[in-house]
Amino acid sequence: MKLLLDGSLPRRLKSELCERTSSAQITDHYQPQDLVGRQVIAVVNFPPKQIGCFESQVLVLGAYQADGSVRLLQPDEPIENGARLK
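The shown structure was predicted, so the numbers you read here are calculated from the model rather than taken from an experiment.

We now examine the overall build of the protein chain. The secondary structure content of the protein chain amounts to one helix and eight strands. Walking the protein chain from its N terminus toward its C terminus, one meets helices and strands in the order β-β-α-β-β-β-β-β-β. Across the 86 residues that make up the protein chain, the buried fraction comes to 24%. Residue pairs in contact within the protein chain that sit at least 24 positions apart in sequence constitute 55% of those at least 6 positions apart. Entry remark: accessible area of the protein chain is about 6,400 Å², with carbon and sulfur atoms responsible for 51%.

In structure tokens, the structure reads:
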């Protein structure tokens, strides 16, 4: 699935990020309409990588399940977009 992460970021990051694309193997559990407006955890400072016919610019984090499917990592409550991982 091709994901488009929007530019709703705090002012301190506006110059660094706007819209970024990512590839994710998450179709077992998610449909595109289920992801609209959802916060995800992602690494944004990885180098871009060509995935099929588009460039993946962000690594969206997920965890493999026993059946090989992937579940997205997400905050347990809303957080500021662009918050740094520790």
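Its boundaries defined by the atoms lining it, the second largest pocket holds a volume of some 350 Å³. Lining the second largest pocket we find 19 residues, and of these Ser22, Ser23, Ala24, Leu59 and Val60 sit closest to its centre. Mapped by element, the contributors of at least two residues to the lining of the second largest pocket are β2 (20-23), β4 (49-51), β6 (59-60), β7 (62-64) and β8 (70-72). Partitioning the lining of the second largest pocket into residue classes produces twelve nonpolar, six polar and one charged.

Here Leu85 is to be found in the segment after β8. Separated by 42 residues in the primary sequence, Leu85 and Val43 have C-alpha atoms spaced 8.5 Å apart.

A word on the environment of Asp28. Relative to the assigned elements, Asp28 resides in the loop between β2 and α1 (32-35). Look at Asp28 and you get exposed, because its relative accessible area is 61%. Separated by 43 residues in the primary sequence, Asp28 and Arg71 have C-alpha atoms spaced 8.8 Å apart.

Judged by nonpolar contacts, Leu3, Leu5, Ala24, Ile26, Tyr30, Leu35, Val58, Val60, Val70 and Leu72 together constitute the single largest core of ten residues. Mapped by element, the contributors of at least two residues to this core are β1 (2-5) and β8. The contacts of Val60, once residues within four sequence positions are left out, are Leu3, Leu5, Ser22, Val40, Ile41, Ala42 and Leu72.

So, about the side chain of Ser69. Relative to the helices and strands, Ser69 is located in the loop between β7 and β8. Residue Ser69 is classed as buried on the basis of its relative accessible area of 2%. For Ser69, the side chain forms a polar contact with the side chain of Asp67, separated by 2.6 Å. Filtering out sequence-adjacent residues up to four positions away, Ser69 remains in contact with Asp28, His29, Ala63 and Tyr64.

If you trace the backbone, Leu4 turns up in strand β1. Leu4 sits 16 residues away from Arg20 along the chain, and the two C-alpha atoms are 5.9 Å apart. Ignoring anything within four residues of it in the chain, the contact list for Leu4 reads Glu19, Arg20 and Thr21.

Definitions and limits used
- Residues numbered from 1 in each chain as written.
- Predicted model: local features only at pLDDT ≥ 70, side-chain atom pairs only at ≥ 80, totals over all residues.
- Heavy atoms only, no water.
- Helix = DSSP H or I, 4+ residues; strand = E, 2+ residues; numbered from the N terminus.
- Buried < 20%, exposed > 50% of the residue type's maximum accessible area, 1.4 Å probe, protein only.
- Contact = heavy atoms within 4.5 Å.
- Areas by Shrake-Rupley, 256 points an atom, 1.4 Å probe, with all protein chains shown as cover.
- 1 Å grid on protein atoms, 1.4 Å probe; cavity = no way out; pocket = protein on both sides within 12 Å on 5 of 7 lines; lining within 4 Å.
- Points joined across faces, edges and corners; volume = space filled by probe spheres on them.
- Nonpolar A, V, L, I, M, F, W, Y, C, P; charged D, E, K, R; others polar.
- Core = buried A, V, L, I, M, F, W, Y, C linked by side-chain atoms within 4.5 Å.
- Polar contact = N/O pair within 3.5 Å; in protein donor to acceptor, adjacent residues only side chain to side chain.

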